[in-house]
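Chain and residue survey
One-letter residues, chain by chain:
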Amino acid sequence: MFILIDVRSFQEQLDYNEPMTCSHCGRFGRYEAFVSGSRFRLFFIPLFTFGKQYLVHTTCCNSWARLNPEKGKAIEKNRPVHIEEEDLEWVDTGYSADLQCPNCGHPYEAGTNYCPSCGEPLR
């Protein structure tokens, strides 16, 4: 007799999209909410979840932040929620600190030819 058990990590996108102006890049984008964690499974049936956390992704500069768990649970239950800057703990800003416009100092993504802030050519 075989017993199949495993622990597998997961990440699922929640039904939440909120337009915003990014505090990192200054561009218009939207927040997308995700839930991630690990699941203990028996015969491929999830029994319980642990290490659950809520994450927010910005579409403008690919930044990631941990979301306040109360707001994350409300999003998961499809309640109306507005995410404030105080609800986020930034873990990845999506920009390299080395890539800044020599004219205005605004960060930009690798491969960009013109500054997204002032429009000056980059190199």
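I will try to describe carefully the structure that is included in this document. Throughout, residues of each chain are indexed from 1 in the direction in which the sequence is written. Reporting in this predicted model follows two pLDDT cut-offs: at least 70 for local features of residues, and 80 or more for side-chain atom pairs to be given and counted; totals over whole chains, interfaces and linings ignore these cut-offs and use all residues. Side-chain calculation: all heavy atoms of the structure are included, whereas hydrogens and water are not.

Describing the sheet that holds strand E3 (residues 45-58)
Here is the rule: Between any two strands, at least two bridges found by DSSP are needed for them to pair. Strands here are runs of E lasting at least two residues and helices are runs of H or I lasting at least four, both read from the DSSP assignment and numbered beginning at the N terminus. Axis lines are fitted to C-alpha atoms, over the contacting stretch for helices. Their N-to-C directions set the angle, which ranges from 0 to 180 degrees. Note on contacts: a residue pair qualifies if any of its non-hydrogen atoms lie within 4.5 Å across the two residues.
Pairing is antiparallel in the open sheet, where five strands are placed in the order E1-E2-E3-E4-E5. Pairing within the sheet leaves two strands with one partner each, and these edge strands are strand E1 (5-21) and strand E5 (88-92). Taking the axes of each pair of neighbouring strands and ignoring which way they run, one obtains an average angle of 30 degrees across the sheet. One ladder, built from four bridges, connects strand E4 (residues 64-67) with E5; its direction is antiparallel. Its bridge partner being in E5, Trp 64 is matched across the sheet by Asp 92. Docked against the sheet, helix H1 (residues 69-76) engages E1, strand E2 (28-42), E3 and E4, running at close to 110 degrees with respect to E3.

Describing the side chain of Ser 38
As for its placement among the helices and strands, Ser 38 is situated in strand E2. In contact with Ser 38, not counting residues within four places along its chain, are Val 7, Arg 8, Ser 9, Phe 10, Phe 48, Thr 49 and Phe 50.

A short note on the pattern of salt bridges
Which entries qualify depends on this criterion: We define a salt bridge as a contact between a side-chain nitrogen of Lys or Arg and a carboxyl oxygen of Asp or Glu at a distance within 4 Å. Per-residue accessibility, obtained with a 1.4 Å probe over protein chains only, is compared with the maximum for each type, and a residue is labelled buried under 20%, exposed over 50%, and partly exposed between these values.
Using the criterion set out here, one finds seven salt bridges in the structure. Ionic pairing is found between Glu 12 and Arg 39, a salt bridge with its closest N-O pair at 3.0 Å. Linking Glu 12 in strand E1 with Arg 39 in strand E2, this pair joins segments that are 27 residues apart in sequence. For Glu 12, a relative accessible area of 35% corresponds to the partly exposed category. It is possible to trace a salt-bridge network through shared partners that takes in Asp 6, Arg 8 and Arg 41.

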